[in-house]
Number of protein chains: 2
Amino acid sequence: MAIDIRDIFKESEKYLNKEIEIEGWIRTLRSSKRFGFIEVNDGTFFANLQVVFDETLQNFPEVEKLPISSAISVKGTLVETPEAKQPFEIQAKEISLLAPSDRDYPLQKKRHTFEYLRTIAHLRPRGNTFNAVFRVRSLAAYAIHKFFQDRGFVYVHTPIITGSDAEGAGEMFRVTTFDLTNVPLHENNQVDYTEDFFGRETNLTVSGQLEAEAYALAFKRVYTFGPTFRAENSNTPRHAAEFWMIEPEIAFADLTDNRKLAEDMMKFLLSYVMEKAPEEMKFFNSFIDKGLIERLENIVNSDFECITYTEAINLLQKSKEQFQFPVKWGMDLQTEHERYISEKVFKGPVFIIDYPKDIKAFYMRLNDDENTVAAMDLLVPGVGEIIGGSQREERLDVLEKRIEEMGMKKDDYWWYLELRKYGGVKHAGYGLGFERAIMYMTGMSNIRDVIPFPRTVGSAEF
Amino acid sequence: MAIDIRDIFKESEKYLNKEIEIEGWIRTLRSSKRFGFIEVNDGTFFANLQVVFDETLQNFPEVEKLPISSAISVKGTLVETPEAKQPFEIQAKEISLLAPSDRDYPLQKKRHTFEYLRTIAHLRPRGNTFNAVFRVRSLAAYAIHKFFQDRGFVYVHTPIITGSDAEGAGEMFRVTTFDLTNVPLHENNQVDYTEDFFGRETNLTVSGQLEAEAYALAFKRVYTFGPTFRAENSNTPRHAAEFWMIEPEIAFADLTDNRKLAEDMMKFLLSYVMEKAPEEMKFFNSFIDKGLIERLENIVNSDFECITYTEAINLLQKSKEQFQFPVKWGMDLQTEHERYISEKVFKGPVFIIDYPKDIKAFYMRLNDDENTVAAMDLLVPGVGEIIGGSQREERLDVLEKRIEEMGMKKDDYWWYLELRKYGGVKHAGYGLGFERAIMYMTGMSNIRDVIPFPRTVGSAEF
């Protein structure tokens, strides 16, 4: 039975000086006439295991010519190599070919651009960078589940196909089974959705928040973690049409509880990944983003600051910084403002709360000043906003008034409004864009490079 | 600070005879002139906590008239009640109203049909049955993650919006940003998808398997867990248009490894839920499906049997059972056949392997007999098929031949074929429909009742 290379690295004392078997893919191979070295990776661990072989192998001539990415099985003895870079190696007694590779394997040793690697998204996780990215992504996803489940949160699968639009806006993808060459129309040339699969107009969700609120008012603490969609025509390194989002929602809770939860979650998430993927994080720190680990450790060890939007505006107006977007109360903060506040003023994570109601969504709780709402954004150095949330408006009359003010239809929100009629206690929640978090913790700067098979405007390959 | 009712039940010794505070919703309230009882549920635990109050409360007249589902906060002493049904109760010193409820709250004490409750999907998790279902669903989801992560599997988010069709068939939902009243057409009246958001035809995924294979050949062990879609016009208790699926994929592995993994996973999943949700499972066993717990424990403690499809056909032909669908080699097994085999012949879970190639997908590995493929279905009593999987065809020439035979286009699978060119070792995987598993472990018989907000033909409410 082949042993995982991870186990060999993590528990080498169990295997040292013993005959063992491994299986994996050839990452590099160099040989001279009498002996050779193979770096083998089996996908279970970031590092390769070195295999030494020599002409005593029966099939030496075949082995020394094996192309990169061929899969082999190796039997031999694991020995320490105190003078070498790697801590140990296998002295091979037997090497068998499990699956050959063509010589035109695109991931040869030379460095490729990330742009090129996106065109071979089916192969890129075999290289160091993307192997590290996608193992970290997996660990981060599990950290999120573990954090919430350990605290008694119920995981809710909110619907992907939806008739409602959580933000009251947002560009959405239509979902249909219509023959697009023959869409049924009413006499007034409007689409007759009663003929469509669901008997109504349906889109891909932009947020599970409204449904999560219904479940928070049954289970006290819930979270969603699923794909969300934006049909925005933005071809930027930070926008994808399909991305995953985490949306906790807590009942009997206000904005302060919400902030505390977000702070605890971020700290847990970063600690978990640094603990479980030290090799990957060291790699990012060396090759992708120098100073990354120090920055993340700083987050884990600092108390997050909190200021109001109005205080933030004052800080920006007092600063000597030249901003592209002029600062005035009532405007939406731009990334340059957010980064100035977290990087220059606080040098760490900071919440901004109590935003003007006119730049925030209808469901946010109106503060007593009637001009601001109980919103919160978490800003972090290097990124700007990473979390956005709010206490929700639980007062039926205030919520109905907001819906009317914003020109939305009350009937579309009948069940959401009903939540306020039957024991609608105070509650709050937030959204964390999962890819933003992965970019933050790996230092990767393009969202296309933290999604296995990214979907962006003009691109849905694989 | 209010204490979770779960903590009071799980660690009552910490709180007994002390003054504590709880918050929650009124599930029932009965009162006489001088005293009353309230059953309070705060969403953290299946059972309610009983609160006793009497006329010494300042606001006794208001409290005794509170409608069901009002949210209250209670301060009082937790005392043992050795003679009563419940183990303890709170003797209230103070009860405050946190959020009122209208008297027309639809979930009054009387029993409602599941059909009716579907029309109030935003409220149904507040009742016993759906509270239990959706807590079990959350725990089961976490069990899946825990099982795979503890074994070093990498969680992969395969794309939801896709240009490919994993099964080579399958009815799919179209995803588009076209104005449906004005779809751009080519001269031959075909849709001009180059004008659509992604510049090509895109649909909602029916499976992440093909992409998972790419990642298994980088990480050795991976799994997906995400939503999948079928635009099938089937209005049955077992079909939903949107459901979640788990798809592990393992490299350096054959059908036997795959079977072992599926068996271990099922046992872990059922054990985890029975351990973490004993109150909910007892409820299902009493009120939804008598004998449920015994059946699940039987699965956990039995070795899963394994027979070939050909052996299954022989067993069916020798049986004296009257089947609606006559049995002959080459046919697809129907639920009646599957249930006969698992319930009557083996009285437990059984794998059927090596199906005729003509009734299985193109990617399944051709056996040496050239008539059957290395497929596996897991059948369980009461349900029939719950898992379907296979060893994948890793031989490029055989796979290409199968694709051609089935009239599919090789170009559509260029990257999938490439996986076979560059160290394409043997690998295998399977799919578990998450909702089927939840139905199986709760005894719920309609898929609409195990999805928070179900999407089925003609219905996408909420």
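Worth saying up front: this structure is predicted, and the values here are computed from it rather than measured.

Asks: How do you make sense of the overall build of chain A when you look at a structure like this?
Replies: If you tally the helices and strands in chain A, you get 13 helices and 16 strands. The principal-axis extent of the C-alpha atoms belonging to chain A is close to 85 × 60 × 45 Å. Counting all 462 residues of chain A, 62% fall into the buried class. Considering only contacts in chain A between residues 6 or more positions apart, those separated by 24 or more positions represent 67%. Surface summary for chain A: the accessible area is close to 18800 Å², and the carbon and sulfur share equals 46%.

Asks: Would you explain the pairing of strand S3 (residues 49-54) of chain A in this entry?
Replies: Remark: a regular strand shows side chains that alternate across the two faces of the sheet. All names here are of chain A. Among the 6 residues in S3, 5 count as buried, and that is most of the element. Where strand S2 (residues 35-41) and S3 come together, 6 bridges link them in antiparallel fashion. Following the sheet pairing, Glu 39 is matched in S3 by Gln 50. Pairing analysis gives 3 bridges linking S3 to strand S5 (residues 88-99), with the strands arranged parallel. Bridging from a neighbouring strand, Val 52 pairs with Gln 91 of S5.

Asks: Can you walk me through the interface of chain A and chain B in this structure?
Replies: By convention, interface size is frequently given as the accessible area that disappears when the constituent parts associate. Chain A puts 110 residues into the contact, and the matching count from chain B is 110 residues. Between chain A and chain B, the buried area comes to about 9000 Å², and carbon and sulfur atoms account for 63% of it. If you sort the residues of chain A by the area they bury against chain B, His 157, Leu 180 and Tyr 422 of chain A come out on top, with a joint share of 9%. One can count 10 salt bridges joining chain A with chain B. Of the charged contacts, one joins Asp 102 of chain B and Lys 421 of chain A as a salt bridge, the two residues approaching to 3.9 Å between their closest N and O atoms. The element contributing the most residues to the side of chain A that touches chain B is helix H4 (residues 128-150) of chain A, with 13 residues. Residues of the side of chain A that touches chain B, tallied by class, amount to 59 nonpolar, 29 polar and 22 charged. With 3 bridges joining them, strand S8 (residues 174-176) of chain A and strand S8 (residues 174-176) of chain B adopt antiparallel strand pairing. Bridge pairing in S8 of chain B links Val 175 of chain A to Val 175 of chain B.

Asks: Explain helix H9 (residues 309-318) of chain A to me, please; I cannot follow it from the model alone.
Replies: Note on helix geometry: an α-helix contains 3.6 residues per turn, so any two residues three or four positions apart are oriented the same way. Residues and elements named next belong to chain A. Those residues of H9 lying buried are Tyr 309, Ala 312, Ile 313 and Leu 316. Projected onto a plane normal to the axis of H9, the buried residues spread over an arc of 100° and lie on a single side. As for H9, its buried residues are in contact with strand S12 (305-308), helix H10 (335-345) and strand S13 (350-356).

Asks: What should I look at first to understand the pattern of salt bridges in this one?
Replies: Any two side chains of opposite charge can pair, given that their charged atoms come close. Residues and elements named next belong to chain B. What the rule picks out here adds up to 58 salt bridges over all chains. A salt bridge links Asp 289 to Arg 295, with the nearest nitrogen and oxygen atoms 2.6 Å apart. Among the ionic contacts, a cluster of salt bridges with common partners joins Glu 213, Glu 249, Arg 392 and Arg 420.

Asks: Any chance you could explain the packing of helix H5 (residues 209-219) of chain A against helix H4 (residues 128-150) of chain B here in plain terms?
Replies: Axis angle and axis distance: for two packed helices, these are the angle between their axes and the distance between the axes, and together they describe the pair. Here H5 of chain A crosses H4 of chain B at 110°, and the two axes come no closer than 11 Å. The angle between the axes of H5 of chain A and H4 of chain B places the two elements in the roughly perpendicular class. Contacts between H5 of chain A and H4 of chain B pair Tyr 215, Ala 218 and Phe 219 of chain A from the former with Phe 130, Asn 131, Phe 134 and Arg 135 of chain B from the latter.

Asks: For this particular structure, what's the right way to read the packing of H4 of chain A against helix H13 (residues 434-442) of chain A?
Replies: Residues and elements named next belong to chain A. Axis separation between H4 and H13 bottoms out at 10 Å; the angle between their running directions is 120°. Judged on the interaxial angle alone, H13 and H4 are oblique. Here H4 runs over H13; the crossing is right-handed. In this structure, H4 contributes Val 136, Arg 137, Ala 140 and Ala 141 to the contact, and H13 contributes Phe 434, Glu 435, Ile 438, Met 441 and Thr 442. Per-class residue counts for the contact of H4 with H13 are 6 nonpolar, 1 polar and 2 charged.

Asks: Sorry, what's going on with the sheet that holds strand S5 (residues 88-99) of chain B here?
Replies: Two pairing modes exist for strands in a sheet, parallel and antiparallel, and in both the strands are linked by backbone hydrogen bonds. Residues and elements named next belong to chain B. Within the closed barrel, the 5 strands sit side by side as S1-S2-S3-S5-S4. Their pairing is mixed. Strand-to-strand twist in this sheet, taken as the mean axis angle between neighbours without regard to direction, amounts to 55°. Bridging between strand S1 (residues 19-31) and strand S4 (residues 71-80) involves 7 bridges; their strand directions are antiparallel. Paired with Trp 25 across the bridge in S4 is Ala 71.

Asks: Explain helix H5 (residues 209-219) of chain B to me, please; I cannot follow it from the model alone.
Replies: Of all 11 residues making up H5 of chain B, 11 are buried, and the element is well covered by its neighbours. All of the buried residues in H5 of chain B are Gln 209, Leu 210, Glu 211, Ala 212, Glu 213, Ala 214, Tyr 215, Ala 216, Leu 217, Ala 218 and Phe 219 of chain B.

Asks: Is there a simple way to explain the relation of the copies chain A and chain B in this structure?
Replies: Superposition of the two copies of the chain requires a rotation about an axis together with a shift along that axis. Take chain A, turn it by 180°, move it 0.0 Å along the axis, and it overlays chain B with an RMSD of 0.0 Å. What we have between these two chains is a two-fold relation. Taking C-alpha positions as the reference, the residue of chain A nearest the rotation axis is Val 175 of chain A, at 2.5 Å. A high fraction, 100%, of the interface residues of chain A reappear at the interface in chain B, so the copies pair face to face through one surface.

Asks: How should I be thinking about the domain arrangement of chain A in this particular structure?
Replies: Residue and element names in this part refer to chain A. Per the domain assignment, the segments of chain A are domain 1 (5-99) and domain 2 (126-169 + 206-449). Taking only C-alpha atoms, the centre of domain 1 and the centre of domain 2 are 45 Å apart. In this assembly, 8 residues from domain 1 lie in contact with 10 residues from domain 2. The salt bridge partner of Lys 10 is Glu 279, with a shortest N-O separation of 3.2 Å. At the surface where domain 1 touches domain 2, the tally comes to 5 residue pairs in polar contact (both at pLDDT 80 or more). Classifying every residue of the side of domain 1 that touches domain 2 gives 2 nonpolar, 3 polar and 3 charged.

Asks: Would you mind showing me how to read the packing of aromatic side chains here?
Replies: How two aromatic rings sit relative to each other is given by the distance of their centres and the angle of their planes. Under the counting rule described, the total for this entry stands at 79 aromatic pairs over all chains. A centroid spacing of 5.0 Å and a plane angle of 20° characterise the contact between Tyr 155 of chain A and Tyr 223 of chain A, whose relative ring orientation is stacked. In this pair, Tyr 155 of chain A sits in strand S6 (residues 154-155) while Tyr 223 of chain A sits in strand S10 (residues 221-229), placing the two residues 68 residues apart along the sequence. Of the residues examined, Tyr 223 of chain A reaches a relative accessible area of 0% and is grouped as buried. Across the ring face of Phe 268 of chain B, the terminal group of Arg 151 of chain B is positioned such that the distance to the ring centre comes to 5.7 Å.

Asks: Just to check I follow, could you spell out the side chain of Asn 258 of chain B for this structure?
Replies: Residues and elements named next belong to chain B. Mapped onto the fold, Asn 258 is located in helix H6 (residues 255-276). Here Gly 429 takes part through its backbone oxygen, which lies 3.0 Å from a polar atom of the side chain of Asn 258. Once you skip the residues sitting within four places of it in the chain, Asn 258 turns out to touch Ile 250, Met 376, Gly 389, Ser 390, Ala 428, Gly 429 and Tyr 430.

Asks: What am I meant to see in unusual backbone geometry here?
Replies: Of all residues except glycine, most have a negative phi; of all peptide bonds, most are trans. All names here are of chain B. One non-glycine residue, Phe 252, adopts positive backbone phi at about 60°. Looking at where Phe 252 falls in the secondary structure, it is placed in the loop between strand S11 (242-251) and H6. Despite not being glycine, Lys 347 has its phi angle at roughly 50°, a positive value. Locating Lys 347 in the fold gives a position in the loop between helix H10 (335-345) and strand S13 (350-356). Lys 347 gets classed as exposed once you look at its relative accessible area, which sits at 59%.

Each value, and the rule that gives it
Residues numbered from 1 in each chain as written. Chains lettered and ligands numbered in written order. Predicted model: local features only at pLDDT ≥ 70, side-chain atom pairs only at ≥ 80, totals over all residues. Heavy atoms only, no water. Helix = DSSP H or I, 4+ residues; strand = E, 2+ residues; numbered from the N terminus. Buried < 20%, exposed > 50% of the residue type's maximum accessible area, 1.4 Å probe, protein only. Contact = heavy atoms within 4.5 Å. Areas by Shrake-Rupley, 256 points an atom, 1.4 Å probe, with all protein chains shown as cover. Pairing = 2+ DSSP bridges. Buried area = accessible area lost by both parts, 1.4 Å probe. Salt bridge = Lys/Arg side-chain N within 4 Å of Asp/Glu carboxyl O. Nonpolar A, V, L, I, M, F, W, Y, C, P; charged D, E, K, R; others polar. Arc of directions from axis to C-beta. Axes fitted to C-alpha atoms, helices over the stretch in contact; angles between N-to-C directions. Parallel < 35°, antiparallel > 145°, perpendicular 65-115°, else oblique. Left-handed = near helix turned anticlockwise from the far one by under 90°. Least-squares fit on C-alpha atoms with pLDDT ≥ 70 in both. Domains from an automatic or database assignment. Polar contact = N/O pair within 3.5 Å; in protein donor to acceptor, adjacent residues only side chain to side chain. Phe/Tyr/Trp six-rings, centres within 6.5 Å; stacked < 30°, edge-to-face > 60°. Lys NZ or Arg CZ within 6 Å of the ring centre and 35° of its normal.

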